[in-house]
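Single-letter residue listing:
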Amino acid sequence: MFDHPSFDGHESVHMFEDKASGLKAIIAVHSTALGPAAGGCRMWNYATGEEALRDALRLSKGMSFKNAMAGLPLGGGKAVIWGNSKTDKSPELFEAFGRAIQSLNGTYYTAEDVGISTKDMEIVATQTKYVAGLDQGEAASGDPSPITALGVYRGIKASAKRAFGSDDLSGRRIAVQGVGHVGGYLCDHLAKEGAELIITDIDEALLKEVSARTGAKIVSTDEIYDQHVDIFSPNALGAVINPETLPRLKARVVAGGANNQLSIAEMDVALRDRGILYAPDYVINGGGIINVAAEISGAYSRNWVMGKLNVLIETLEEVLDEALKQNAPTNEVAEQIARTRIANAKPA
Ligand code: NAD
C-alpha cells in the first residue's frame, strides 16, 4: 500500500467484504485534518481490485483538495463498490455497505457518485447516519446540480474577466459539452446573459430541449472541439482535455463542471503554454459539495450555501490571479493552496 503510485499519505484505507450480499468495497480516507472525510460512493465494474484501489486512493485525495478549496470543515474520502451497477445491486448489498460506513464512526460521510442513486443511499441510511445527498429528511439537500451550475456560471464570468478584460458574457461564444443536470442549468444562466451557445450531447432529446429554450446551435460530439468560441465548457465526461483535443481548441478559457477534465497532469502546463486560462475543475465545480456539506451540518440553509459559494468564487479568483501573476499552471497553484490549507488546519 505504501508504495502504491496513487498513495498520498492517506490516513487510512479500509476494505470490506460481505459474502452474503456480495459486497466488495474500499473506503479511502485521505485526510480528516479539516473535518470528517466526505466524498461520494462510486459503483463500478473494475477489471481488477488494483483498479478499484487506485480509484479510491486518487478520488479521495481529490476530495481533500475540493473540500479544502470550498472552505468546508470537511476532509477528503471516497468509497468504491466493486460491482456492476446494472446487475449487482440489492438491498442487502447497500445495507452491508451502510454497516461498513457506520463501523468507521463518522470518520467518513458518503453520498451518491457514478453508478449510485438516492434510492440506494436511502437503504444505506437505514444502517448509518453518515450519509448525505438524500431527497428526504430534515436536512435533505436534494439535487446539487443547480448550485454546481450557478458556481460554474460565476466561475466562467471570473475567468472571462481575466482572459478578455470583462466578465460580460453577452455576445460571447461558448461551447458547452454535455447539457445534462449541470450543463442544462448552466446553459440557462449563460443564455439569460446573452451568450451565443454551441452545445453537444449524446442525448438528442435533451439537446433539442436545451436548444429550444436557449437558442443554442447543436453540433456533434466530435465537432465541439473545433468551434470558433471564446470559452469551452466541459460538463459531461472526464479526460476531455487531452493531447488529441487540446490542439483543436480555439477558446481562450476552459471552464466547466465536469470532474477530472485533464487526461494527464501535464495538460495543465500544456494549457498554460497555449495561452488558455483553465479554471481548475475541482474548484469551479465545488458548489455541489457545498450543498452536500450543508446537509452534513445537520440543518440545510440556503443562505449558508450562498455564502460559501461566494467564498468559493473568491478562491477561484485568487487561483487565477496568482497563476497569471506567476505565469504558473492554474492547477498547480490551486493544489498548493489546498495543501497549505490542509497542513495549517488546527486539530479539531
Ligand atoms: P448528467 O449525467 O446529468 O449529465 C452529463 C451529460 O453528458 C448527459 O446529458 C450525457 O448524455 C452527456 N454526455 C455523455 N457522454 C457525452 C459525450 N461523449 N459528449 C457529450 N455529452 C455527453 O451529469 P451531471 O450531474 O450534469 O454532471 C456532469 C459532470 O459534472 C460530471 O463530470 C460530474 O462528475 C460533474 N459534477 C457534477 C456535479 C453535480 O452537482 N451534479 C457536481 C460536481 C461535478
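Here the structure is a predicted model, which means the values were calculated and not measured.

In this section: the site of the ligand. The environment of the ligand is formed by 18 residues, the closest being Thr148, His181, Val182, Asp201 and Asn259. Within the contact set of the ligand, an oxygen atom lies 3.0 Å away from a backbone nitrogen or oxygen of Ala236. Contact distances for the ligand include 3.3 Å between an oxygen atom and a backbone N or O atom of Gly257. Within the complex, 74% of the 820 Å² of free accessible area of the ligand lies under protein. For the shell around the ligand, the secondary-structure elements that each account for two or more residues are α4 (145-164) and α5 (181-192). Of the residues belonging to the shell around the ligand, the class tally is 7 nonpolar, 10 polar and 1 charged.

For the rest of this paragraph, the subject is the sheet that holds strand β12 (residues 277-278). Pairing is parallel in the open sheet, where 6 strands are placed in the order β9-β8-β7-β10-β11-β12. A strand with exactly one partner marks an edge of an open sheet, and here the two such strands are β9 (217-218) and β12.

Its domain assignment divides the protein chain into domain 1 (12-60 + 75-124) and domain 2 (145-286 + 315-339). The C-alpha-based centres of domain 1 and domain 2 are spaced at 29 Å.

Looking along a regular strand, one sees the side chains alternate between the two faces of the sheet. Most of strand β2 (residues 23-31) is tucked away: 8 of the 9 residues are buried. Where strand β1 (residues 12-18) and β2 come together, 7 bridges link them in antiparallel fashion. From the neighbouring strand, Ser12 faces β2, where its bridge partner is Val29. Turn length for the β1-β2 hairpin, with the two strands adjacent in sequence and antiparallel, is 4 residues, and the turn residue Gly22 shows positive phi of about 85 degrees.

With that settled, consider the packing of α5 against helix α6 (residues 204-214). Where α5 contacts α6, the two axes come as close as 10 Å, and the packing angle between them is 15 degrees. Relative to α6, α5 is oriented roughly parallel. For the pair α5 and α6, the crossing hand works out as right-handed. Taken together, the residues of α6 that come into contact with α5 (itself represented by Gly184, Cys187, Asp188 and Ala191) are Val210, Arg213 and Thr214. For the contact of α5 with α6, a count of residues per class yields 3 nonpolar, 2 polar and 2 charged.

The next thing to look at is the side chain of Asn331. Take Asn331: it is sitting in helix α11 (residues 330-343). For Asn331, a relative accessible area of 18% puts it in the buried group. Not counting residues within four places of it along the chain, the set of residues in contact with Asn331 comprises Leu262, Asp268, Tyr278, Pro280 and Tyr282.

For the pair helix α1 (residues 49-69) and α11, interaxial distance at closest approach is 9 Å and the crossing angle is 85 degrees. The angle between the axes of α1 and α11 places the two elements in the roughly perpendicular class. Contacts between α1 and α11 involve Lys61, Ser64, Phe65, Ala68 and Met69 from the former and Ala334, Glu335, Ile337, Ala338, Arg339, Arg341 and Ile342 from the latter. Across the contact of α1 with α11, the residue classes tally to 7 nonpolar, 1 polar and 4 charged.

What counts, and at which threshold
As a convention, each chain's residues are numbered from 1 in the sequence order in which they are written. The predicted origin of the model limits local features to residues at a pLDDT of at least 70 and limits the giving and counting of side-chain atom pairs to 80 or more, whereas totals for whole chains, interfaces and linings rest on all residues. As a rule here, side-chain values come from all non-hydrogen atoms in the structure, and water together with hydrogens is ignored. Summary of the distance rule: residues count as near a molecule or strand when at least one heavy atom falls within 4 Å of that molecule or strand. Distance and chemistry together define a polar contact, namely a pair of N or O atoms within 3.5 Å, with one atom able to donate a hydrogen and the other to accept it when in protein, and with adjacent residues in sequence counting only for side-chain atoms on both sides. All accessibility values rest on the Shrake-Rupley procedure with a 1.4 Å probe; residue burial counts only the protein chains present in the view. In this description a helix means any DSSP run of H or I spanning at least four residues, a strand means any run of E spanning at least two, and both kinds are numbered starting from the N terminus. Amino acid classes used here: Ala, Val, Leu, Ile, Met, Phe, Trp, Tyr, Cys and Pro are nonpolar; Asp, Glu, Lys and Arg are charged; the rest, including Gly, are polar. Between any two strands, at least two bridges found by DSSP are needed for them to pair. What marks off one domain from the next here is an automatic or database domain assignment. Exposure categories follow from relative accessible area, calculated using a 1.4 Å probe and restricted to protein chains: below 20% of the type maximum is buried, above 50% is exposed, and the middle band is partly exposed. Axes, fitted as lines to C-alpha atoms, cover a helix only where it is in contact. Angles between the N-to-C directions of the axes lie from 0 to 180 degrees. Should an angle fall under 35 degrees it is called roughly parallel, over 145 degrees roughly antiparallel, and 65 to 115 degrees roughly perpendicular, with every other angle called oblique. Left-handed describes a crossing in which the near helix is turned anticlockwise from the far one by less than a right angle; the clockwise case is right-handed. Only heavy atoms matter for contacts: two residues are in contact if any of them lie within 4.5 Å across the pair.

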